[in-house]
Amino acid sequence: MTTSRLLILLFALGAMSFAGCGRLGPGDDDDAADDDDSVGDDDDSTGGDPTVVTIAQIHAGEVNSDTFVTIENVVVSTPMLFDEDDNEGAFWLSTPDGGENSGLYVFTFYDVVDELDGNDDAAPGDVITITGTYIEAFDYGLPELRLTNASNVTVTGSTTLPTPHLVDAADIADGFADSSLWGAVVQIVDAVADNAPTWDSYLEWTADDVIVVDDFYYADVEAGYEIASLSGVLHPNYGDASLFPRWHDDIDFTYPGCDDSWGADSIQGARCRVVDEDTEVTIDGLVVTSPAPFFGNAFFVQDIDAVGNFAAAEVYAIFDDLEIPDIGDVVNVSGDVENFKGMTEIVVFNGSDVVKTGANRAGELTPLVLASACDITEEHEGMLVSVASVEVGELDYNFYPVDGCPKIGVSSLFWPTVTGFEDDTAGSVTITDLVGIVGESFDEMSINPRDNLDWGTWPAASSSVQ
């Protein structure tokens, strides 16, 4: 299991969605003394030995709800989602060949997920035999296997994941899909994103009217992005058939303006999805453009010799006490490519992953000049930019929205506290000669001055944050 902040975030997103939609079922552990679950306690309320069934038999309606069952030699087709606070968890199963009538949803509890994960059991690709209570959940009869004990999962082997079942987008669009596809891993091709995942949409989005839920993997897409293929497990979400992409490879797209010739040893390759996430890279000759952000253990780098954009990223350390280089220092960086809330990161694991060359090019570091803050797009993420004039609205926590393009703002990435940022800035005014690092957080982008010297007129700040 990766230790990156990306997967930590994705698990948190999954937990939030579970708690919000109520699609998982009862949320108390059957081991608890005050259990009020109607079915599925550890010894099984019906008593007796389990009945051996198949996923195909379940989809054919041959298994009654509330039946204690064993399903043999099925493949775990997704990572696990969980909500520790509500003691809920879930994952999906598939027959080895995939296709229609191949998938099944497993509802379980956090302590079960924790034990399975601790034993490295039920990971994607594991072949398992599983025992639990089959129920038809919700008023639309969602097939669900209730798992109450980690000991009821036996790993019998491992295999390649089932090939996604190709369907037309129209077959699963607008929340409608045949129940034979529920729980199956499916794929659509040559789709176009209709919108971006936003906070207002609970990070859901659509492509060719197919509802996509980002519980496993946040897709950094915008309206109009062309998607060569989109895969994931199909599951009713609030009753609407929805696609749940599981990881990077489930969404094949690139950002407009990227060049396929950019290699894996370049910052542009890391930024443009030429390099798959969780892939280790070594990129030499990057110039440091920022101090540490408020959360520490990170800094921004840029290829200042690059022609064009997509030339910057954040370096983030998962260990304490990263030595932050000076702005202008030239560094070689080795780490894993990740995406956190839409921001590309190179995640480093120890101090030797960042090597200073001894050179400093601060005198050559020139911000990219933008005609307007509203011109900021994905290609500018992480880069040092400047804008001659920016008119902003009222501060919303740590974000001043830019007039005319409220999803773009001026923000406080390099201020230790939001209060300090508010004290050092002047509210809803016109800012002149603004310089900063372009940040991204889900569907919002921002210019982040590095200190109070990174603007011309906004009432002079009392102190520098560098």
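Above: the structure in question.
One structure accompanies this document, and this report is about it. (Residues numbered from 1 in each chain as written. Predicted model: local features only at pLDDT ≥ 70, side-chain atom pairs only at ≥ 80, totals over all residues. Heavy atoms only, no water.)

### Describing the state of the cysteines
Tallied over the full model, the rule gives 2 disulfides. What pairs with Cys258 in a disulfide is Cys272, and their sulfur atoms sit 2.0 Å apart. Here the S-S torsion is close to -80 degrees, and the disulfide linking Cys258 with Cys272 is therefore left-handed. You can see Cys258 sitting in the loop between β15 (251–253) and α4 (267–271) and its partner Cys272 sitting in the loop between α4 and β16 (280–288), a full 14 residues away along the chain. In this structure Cys258 comes out as buried when scored by relative accessible area, which is 19%. Assessed through its relative accessible area of 3%, Cys272 is described here as buried. A disulfide bridge connects Cys374 with Cys405, and the sulfur atoms are separated by 2.0 Å. On the sign convention where negative means left-handed, the S-S torsion of about -80 degrees between Cys374 and Cys405 marks this disulfide as left-handed. Here Cys374, found in the loop between β22 (368–370) and β23 (384–391), pairs with Cys405, found in strand β25 (residues 405–411); they are 31 residues apart in sequence, far enough to count as distant. Judged by relative accessible area, Cys405 falls into the buried class, the value being 12%. Should the bonded cysteines of the protein be numbered as they appear in the sequence, the pairing reads 1-2, 3-4. (Disulfide = S-S within 2.5 Å. Helix = DSSP H or I, 4+ residues; strand = E, 2+ residues; numbered from the N terminus. Buried < 20%, exposed > 50% of the residue type's maximum accessible area, 1.4 Å probe, protein only.)

### Some details on the sheet that holds strand β26 (residues 430–441)
Spatially, the 6 strands line up as an open sheet ordered β22-β23-β26-β27-β25-β24, and their pairing is mixed. Edge strands, defined here as strands with exactly one partner in the open sheet, are β22 and β24 (399–402). The sheet shows a mean angle of 40 degrees between the axes of neighbouring strands, taken without regard to direction. By the bridge criterion, 7 bridges tie β23 to β26 in an arrangement that is antiparallel. Across the sheet, residue Glu391 finds its bridge partner in β26, namely Thr430. (Pairing = 2+ DSSP bridges. Axes fitted to C-alpha atoms, helices over the stretch in contact; angles between N-to-C directions.)

### Details of the pattern of salt bridges
It is possible for side chains of opposite charge to pair when their charged atoms get near one another. In the structure shown here, the tally under the stated rule is 9 salt bridges. Close ionic contact of Asp454 with Arg450 constitutes a salt bridge, the shortest N to O distance being 2.8 Å. Classification of Asp454 as buried rests on a relative accessible area of 7%. Judged by its relative accessible area of 12%, Arg450 is buried. Shared partners join several salt bridges into a network, and the residues in it are Arg271, Glu378 and Glu381. (Salt bridge = Lys/Arg side-chain N within 4 Å of Asp/Glu carboxyl O.)

### Here we look at the environment of Asn360
One can find Asn360 in strand β21 (residues 354–360). The class of Asn360 is partly exposed, set by a relative accessible area of 42%. The spatial distance from the C-alpha of Asn360 to the C-alpha of Val288 is 9.0 Å, given a sequence separation of 72 residues. Setting aside anything within four residues of it in sequence, one finds Asn360 in contact with Ile327, Gly328 and Asp329. (Contact = heavy atoms within 4.5 Å.)

### Let's talk about empty space enclosed by the protein
Over the atoms rolls a probe the size of a water molecule, and in doing so it shows where empty space is left. Across all of its chains, the model carries 2 cavities of 30 Å³ or more by this definition. Considering the residues around the largest cavity, the lining is formed by 15 residues, among which Tyr255, Arg273, Glu277, Asn339 and Thr344 are closest to the centre. Secondary structure elements with two or more residues in the lining of the largest cavity: α4 and β19 (329–340). There is about 30 Å³ of room inside the second largest cavity. For the lining of the second largest cavity, the elements supplying multiple residues, two or more each, are β5 (103–108) and β7 (142–146). Take the lining of the second largest cavity: its biggest share by element is 3 residues, from β5. Its residues assigned to classes, the lining of the second largest cavity shows 6 nonpolar, 4 polar and no charged. (1 Å grid on protein atoms, 1.4 Å probe; cavity = no way out; pocket = protein on both sides within 12 Å on 5 of 7 lines; lining within 4 Å. Points joined across faces, edges and corners; volume = space filled by probe spheres on them. Nonpolar A, V, L, I, M, F, W, Y, C, P; charged D, E, K, R; others polar.)

Purely geometric numbers; function is a separate question.
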